[in-house]
Amino acid sequence: MTRLNEVSASVSWKSPSNLAIVKYWGKQGNQEPLNPSISFSLEKSFTQTTITAKPSEDGGFTFLLDGQKKENFNSKIEQFLNKVRPFFPFLKNHHLVIESHNSFPHSSGIASSASAMSALAHCLVSLHQLSLGKNFNEIDKIMVSGVARLGSGSACRSVYGGWSLWGKTPAIANSSNMYAIALDNNIHPVFHSLKDTILLVDPTPKKVSSSRGHQLMENHPYRQARIKQANENTEKLLHILASGDIHSFLNLAENETLSLHGLMMSSTPSYTLLHPNTINLITLIQEKRGKEGWPVGFSLDAGPNIHLLYPASHQQPIVEWINKDLRPYCHQGNMIHDSLGQGPELIKI
Ligand code: PMV
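The structure displayed is predicted, hence computed values, not measured ones.

A.B. asks: Where do I start with the sheet that holds strand β12 (residues 306-311) in this structure?
C.D. replies: Pairing in this open sheet of 4 strands is antiparallel, and the strands run β11-β12-β10-β13 from one edge to the other. Edge positions in the open sheet fall to β11 (297-299) and β13 (335-339), since each of these has one partner strand only. The average undirected angle you get between the axes of adjacent strands in this sheet is 30 degrees. As defined by bridge partners, strand β10 (residues 194-199) adjoins β12 across 6 bridges and the pair is classed as antiparallel. Along β12, the bridge assignment pairs D196 with L309. Contacting β10, β11 and β12, helix α6 (residues 246-265) runs over the sheet at an angle of about 35 degrees to β11. Sitting on the sheet, helix α8 (residues 315-326) touches β10, β12 and β13, and the angle it makes with β12 is about 155 degrees.

A.B. asks: Just to check I follow, could you spell out α8 for this structure?
C.D. replies: Because each turn of an α-helix spans 3.6 residues, side chains separated by three or four positions end up pointing in the same direction. Buried within α8 we find I318, W321, I322 and L326. Seen end-on, α8 carries its buried residues on one side only, within an arc spanning 105 degrees. Exposed side chains of α8 directed beyond 90 degrees from the buried face belong to Q316 and K324.

A.B. asks: Just to check I follow, could you spell out the pairing of strand β8 (residues 163-166) for this structure?
C.D. replies: Working note: regular strand, side chains alternate between the two faces of the sheet. Of the two faces of β8, both are covered, the one formed by W163 and L165 as well as the one formed by S164 and W166. Where strand β4 (residues 37-55) lies against β8, 4 bridges are found, and the strand directions are antiparallel. Looking at the pairing, I38 lines up with L165 of β8. Relative to strand β9 (residues 180-182), β8 runs antiparallel, the two being bridged by 3 bridges. Bridging from a neighbouring strand, L165 pairs with I181 of β9.

A.B. asks: Sorry if this is basic, but what is going on with the state of the cysteines here?
C.D. replies: By definition, a disulfide is the covalent link that joins the sulfur atoms of two cysteine residues. All told, the structure shown has 0 disulfides when counted by the stated rule. Between C156, a free cysteine, and C123, which holds the nearest cysteine sulfur, the sulfur-to-sulfur gap is 18 Å.

A.B. asks: It is not clear to me how the pattern of salt bridges should be interpreted in this structure. Could you clarify?
C.D. replies: Note on pairing: side chains with opposite charge can pair once their charged atoms come close. Taken as a whole and judged by the stated rule, the model has 6 salt bridges. Between E345 and K14 there is a salt bridge, with its nearest N and O atoms 3.8 Å apart. Of the two residues, E345 is situated in strand β14 (residues 345-346) and K14 in strand β1 (residues 9-22); the sequence distance between them amounts to 331 residues. When the shortest N-O distance is used, the salt bridge between K324 and D325 registers 3.3 Å. Overall, D325 belongs to the partly exposed group, its relative accessible area being 27%.

A.B. asks: How should the site of the ligand be read in this particular structure?
C.D. replies: Neighbouring the ligand are 14 residues, the closest being Y24, S152, S154, R157 and H214. A distance of 2.9 Å separates an oxygen atom of the ligand from a polar backbone atom of Y24. One of the side-chain nitrogen or oxygen atoms of S152 is found 3.0 Å away from an oxygen atom of the ligand. In isolation the ligand exposes 380 Å². Once the protein is present, 90% of that is buried. Summarising the domain contributions, the shell around the ligand has at least three residues from each of domain 1 (4-186) and domain 2 (189-339).

A.B. asks: Teacher, can you tell me more about the packing of aromatic side chains here?
C.D. replies: Any pair of aromatic rings gets described here by the distance separating the centres and the angle formed by the planes. The tally for this structure, following the rule as stated, stands at 9 aromatic pairs. Ring geometry for F191 against F249: centres 4.8 Å apart, planes inclined by 45 degrees, an arrangement best described as tilted. Of this pair, F191 sits in the loop between β9 and β10 while F249 sits in helix α6, placing them 58 residues apart in sequence. Of the two residues examined, F191 and F249, each falls in the buried class. Site record: aromatic cluster; members linked through ring pairs are F40, W163, F191 and F249. Above the face of the F46 ring, K14 is positioned so that its terminal group lies 4.3 Å from the ring centre. If you follow K288 out to its NZ or CZ, it ends over the ring of W294, 5.1 Å from the centre.

Conventions we followed
- Residues numbered from 1 in each chain as written.
- Predicted model: local features only at pLDDT ≥ 70, side-chain atom pairs only at ≥ 80, totals over all residues.
- Heavy atoms only, no water.
- Pairing = 2+ DSSP bridges.
- Helix = DSSP H or I, 4+ residues; strand = E, 2+ residues; numbered from the N terminus.
- Axes fitted to C-alpha atoms, helices over the stretch in contact; angles between N-to-C directions.
- Contact = heavy atoms within 4.5 Å.
- Buried < 20%, exposed > 50% of the residue type's maximum accessible area, 1.4 Å probe, protein only.
- Arc of directions from axis to C-beta.
- Disulfide = S-S within 2.5 Å.
- Salt bridge = Lys/Arg side-chain N within 4 Å of Asp/Glu carboxyl O.
- Near = heavy atom within 4 Å.
- Polar contact = N/O pair within 3.5 Å; in protein donor to acceptor, adjacent residues only side chain to side chain.
- Areas by Shrake-Rupley, 256 points an atom, 1.4 Å probe, with all protein chains shown as cover.
- Domains from an automatic or database assignment.
- Phe/Tyr/Trp six-rings, centres within 6.5 Å; stacked < 30°, edge-to-face > 60°.
- Lys NZ or Arg CZ within 6 Å of the ring centre and 35° of its normal.

As structure tokens, this is what we get:
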């Protein structure tokens, strides 16, 4: 490919969304987390972004979502680009045309900032490589993760496939608050083939953003207890992922989820993002697990939609049960049968 600077160049990356099992909630300093978090990348929920950099002194950008100009995203992208300008000198003399597409409907209630910011960070680092006359596909994932973090904290974990960890923990020597690392070693096979059926309970936009939720941790009465709990759950989850103990995994996932939503309810001002059908579904899931002994449990992001977690070995009876008993609680019966995925991909254009 031609060296950037003289001519236009385009790169395209597809990046997954991720689901945190130990949740990041609350920030410090420059977009550093209050506590470590662990997540896995999804397979089917992703953003594909193409950036065309055209030589121009304006240093600006145009953003298109599914081929349409979307001006309401401009201020978030502009803030992000301003933060990362010092790392990417080529931004000064190029105009970027940023074209994005989400695999899931924008109104589905699935948070797209992790996949979107990760895809954007991959494209910027590839274009940076080109501007230095280097190979655009040999990118430093630590750099991509650090850049993605400045767009959205959880995005820094979306730069890998499988499991990843963000935030300093004494349990992992090279862990950092600045970027996520891949947890390649010590993952039991049961957790390599995890299923995640996303039950879309309510597609309406969130009443309170995650940015506001992070802010409310600043003076939260349970702040110190939360930091302690998340650090302990990080260490526990690392052991569970190595051992393959699926029941302890599901208990920990539910404990983290209900703690996250408990923190929202006990913030000042207090709020909840739970929908009546979120509670109906949680009740059905816990009842089923109690009755059948099935390895099935739930997690939630900062929203009302349920991520139903179970191992591939139990897929058939669980999917039958979902269709019969759980689908009626989903908005227009909508759900996404997702699973743990292999991570970002450079797309040939
Ligand atoms: O990355 P943000 O600022 O959108 O925050 C995401 C927070 C949670 O999704 C609730 C938890 C997490 O670790 O992903």
